[in-house]
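# Remarks on the overall topology
Each chain, written out:
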Amino acid sequence: MNFLNNASFAIVAGVGGILALNGSVSIGVIVIFTEYARQFTRPLNDLANQFNTVLSAIAGAERVFAVMEETEEKDGQVLNAEKELQGYVEFDKVSFKYEGAEEDWTIRDVSFSVGIGQTAALVGATGAGKTTIMQLLARFYDANEGEIRLDGTPIASMPRETLRKQIAFVLQDPFLFEASVYENIRYGRLDATDEEVRAAAEKANAHEFIGKLPDGYETILKGDGSMISQGQKQLLSIARALIADPVILLLDEATSSIDTVTELKIQEALERLMVGRTSFVIAHRLNTVRKADVVFVMEMGQLVESGTQQQLLEKGGIYANMLADAKL
């Protein structure tokens, strides 16, 4: 439409200029004619803009209806309310690929077990399948083959709500709500009292910096977390996990790009959080691997090595090479 508008203006101005030089029309007639031409094309421009808006609306409607037409996730049976989960995790020949991937398996034939209260470090290059293992354990996806068991019970038979109440995440980039510090920590357990929130913050080494905020625990945080540093966001995330009191912890080490002092506070808080809980840690630092009870080395979606750090070093395999190449 812009091209047509400019082309019509050029034609009118060009032809009118020639006629004006010949004395056939006055310049005033040419000016009036070009203005009438613009008034004529203005409604066409408006229609073209409305057409763009309609196309955007149609695209949005397609997405909305695609969500509405999604089939309900299959959920498990209700567990015995009296059964208390302990945290013994087993992967039995688990394979998984994302929908639409034909032969591209994200993880393939993975088997391992992690004892109650143990810490398992997941090591490997980007795309090796470490995050996928955590997502499968939390049932964000269900395995295509094999079985994942918690205390001997297949997690596919557990209601997602029941399972996820026993799991807490501490990620590299934690999400904060545009709400008070109280409510951001209380998201871990919605019925927690203010005293319990403050106790969790103290254990997470977050109480000190919260006290320096304009309104303390009543300070309204922005959703993008711009009011506080990345390290402070991590401490709030750890406090949120502490107050949830989970059986299983899924940790994506979150100390990159953080100053040394804050990193020490985060490490100390994580150690408190992990006591007595089965923990899976995506390990980016050697210090984490040293403290793990078992190390799982992932490569191209397969579990290629497992054992303690000392055992893997003595084996002289992939893990030892990673360490020698300073990739951990």
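Here's what I pulled together on the structure shown here. None of the values given here were measured: they were computed from a predicted structure. (Residues numbered from 1 in each chain as written. Predicted model: local features only at pLDDT ≥ 70, side-chain atom pairs only at ≥ 80, totals over all residues. Heavy atoms only, no water.)

## Notes on the pattern of salt bridges
Formally: Each reported salt bridge corresponds to a side-chain nitrogen of Lys or Arg within 4 Å of a carboxyl oxygen of Asp or Glu. Buried, partly exposed and exposed residues are distinguished by accessible area as a fraction of the type maximum, computed with a 1.4 Å probe on protein chains only: under 20%, between the cut-offs, and over 50%, respectively.
Under the counting rule described, the total for this entry stands at 17 salt bridges. The residue Asp191 makes a salt bridge to Arg189 at a minimum N-O spacing of 3.2 Å. Accessibility expressed as a relative area gives 28% for Arg189, which makes it partly exposed. Counted as one network, the salt bridges with shared partners bring together Glu90, Asp92, Glu147 and Arg149.

## Considering the packing of aromatic side chains
Aromatic ring pairs: the centre-centre distance and the angle between the two ring planes describe each pair. To keep it simple, the criterion reads: Classification of ring pairs uses Phe, Tyr and Trp, with its six-membered ring standing for Trp, and accepts pairs whose centres are within 6.5 Å; under 30 degrees between planes counts as stacked, over 60 as edge-to-face, and the remaining range as tilted. Secondary structure counts use DSSP, requiring at least four H or I residues in a row for a helix and at least two E residues in a row for a strand, with both numbered from the N terminus.
Following the criterion strictly, the structure yields ten aromatic pairs and no others. Centre to centre, the rings of Phe112 and Phe280 are 6.3 Å apart; their planes meet at 55°, and the pair counts as tilted. Pair noted here: Phe112 is in strand β2 (residues 107-114) and Phe280 is in strand β8 (residues 278-282), with a separation of 168 residues, a long-range link. Overall, the relative accessible area of 9% leaves Phe112 in the buried class. With a centroid separation of 5.6 Å and 25° between ring planes, the pair formed by Phe140 and Phe169 is classed as stacked. Highlighted residues: Phe140 in the loop between α3 (130-137) and β4 (145-150) and Phe169 in strand β6 (residues 167-170), separated in sequence by 29 residues. Taking relative accessible area as the criterion, Phe140 reaches 40% and is therefore assigned partly exposed.

## Section: empty space enclosed by the protein
Note the cut-off: Grid points spaced at 1 Å over the protein atoms alone were grouped into cavities, where a 1.4 Å probe fits but cannot get out, and pockets, open sets with protein on both sides within 12 Å along at least five of seven lines, with lining residues defined by an atom within 4 Å of a point. Grid points are joined across faces, edges and corners, and a volume is the space filled by probe spheres set on the points. Polarity classes work like this: nonpolar for Ala, Val, Leu, Ile, Met, Phe, Trp, Tyr, Cys and Pro, charged for Asp, Glu, Lys and Arg, and polar for all others, with Gly in that last group.
One pass over the full model with this rule turns up one cavity of 30 Å³ or more. In this structure, the largest cavity encloses a volume near 60 Å³. Lining the largest cavity we find Asn5, Ser8, Phe9, Val12, Thr34, Ala37, Arg38 and Thr41. Elements that contribute at least two residues to the lining of the largest cavity include exactly α1 (2-22) and α2 (27-68). Among the residues making up the lining of the largest cavity, the classes are represented as three nonpolar, four polar and one charged.

## Examining the side chain of Asp252
The cut-off we apply is this: Between two residues, a contact is recorded if the distance between any of their heavy atoms is within 4.5 Å.
With respect to the helices, strands and loops of the structure, Asp252 is situated in strand β7 (residues 248-252). If we skip the residues at most four places from it in the chain, Asp252 touches Val170, Leu171, Gln172, Ile282 and His284.

## A look at the nonpolar core
Just so we agree on the cut-off: Among buried residues, the Ala, Val, Leu, Ile, Met, Phe, Trp, Tyr and Cys ones that are joined through side-chain atoms within 4.5 Å form a nonpolar core.
Within the largest apolar cluster, 33 residues are counted, with the highest numbers of intra-cluster contacts made by Ile185, Ile210, Leu236 and Ile238. At the level of secondary structure, the elements contributing two or more residues to this core comprise β6, α5 (181-186), α6 (194-203), α7 (207-211), α8 (230-244), β7 and α9 (260-274). Broken down by element, this core gets its largest block of residues, seven residues, from α8. The contacts of Ile210, once residues within four sequence positions are left out, are Val181, Ile185, Ala201, Gly216, Tyr217 and Leu236.

## Here's the deal with the packing of α6 against α8
So the rule is basically this: All axes here are fitted lines through C-alpha atoms, helices being fitted over the stretch that makes contact, and every angle between N-to-C directions spans 0 to 180 degrees. Every angle not falling under 35 degrees, over 145, or within 65 to 115 is termed oblique; those three ranges are roughly parallel, roughly antiparallel and roughly perpendicular. Left-handed is the label given to a crossing in which the near helix is rotated counterclockwise from the far helix by less than a right angle, and right-handed is the label when the rotation is clockwise.
It is at 8 Å that the axes of α6 and α8 come closest, and there the two elements cross at 125°. With respect to α8, the element α6 is oriented oblique. Considering only the axes of α6 and α8, their crossing is right-handed. Here Glu196, Val197, Ala200, Ala201 and Lys203 of α6 come into contact with α8, specifically with Ala239, Leu242 and Ile243.

## Some points on the sheet that holds β6
Put simply, the rule is: The rule for pairing is simple: two strands pair if DSSP sees at least two bridges between them.
Here six strands make up an open sheet; going across it, the order is β6-β7-β8-β3-β9-β10 and the pairing mixed. The sheet is open, and its two borders are formed by β6 and β10 (302-307), each paired with just one other strand. Put simply, the sheet's adjacent strands are angled 20° from each other on average, direction ignored. Note: strand β3 (residues 119-124) against strand β9 (residues 294-299), five bridges, orientation parallel. Of the residues in β9, the one forming a bridge with Ala120 is Val294.

## Description of the layout of surface pockets
Rolling a probe over the atoms, with the probe sized like a water molecule, indicates the empty space that remains. For the largest pocket, the calculated volume is near 670 Å³. Ile167, Ala168, Phe169, Tyr187 and Gly188 are, among the 21 residues lining the largest pocket, the residues nearest its centre. Within the residue set of the lining of the largest pocket, elements represented by two or more residues are β6 and α8. Partitioned by chemical class, the residues of the lining of the largest pocket number 13 nonpolar, two polar and six charged. Reported here for the second largest pocket is a volume of approximately 500 Å³. Forming the walls of the second largest pocket are 16 residues, and the residues nearest its centre are Glu73, Glu99, Phe140, Tyr141 and Asp142. Across the lining of the second largest pocket, the residue classes break down as five nonpolar, two polar and nine charged.

## Brief notes about the sheet that holds strand β5 (residues 153-154)
Here we have four strands laid out as an open sheet, ordered β2-β1-β4-β5, and antiparallel in their pairing. The open sheet terminates on both sides in strands that have one partner only, identified here as β2 and β5. Relative to β4, strand β1 (residues 89-96) is paired through five bridges, and the arrangement is antiparallel. Within β4, the residue paired with Asp92 across the bridge is Glu147. This element, α3, spans β1, β2 and β4 of the sheet and lies at about 115° to β1.

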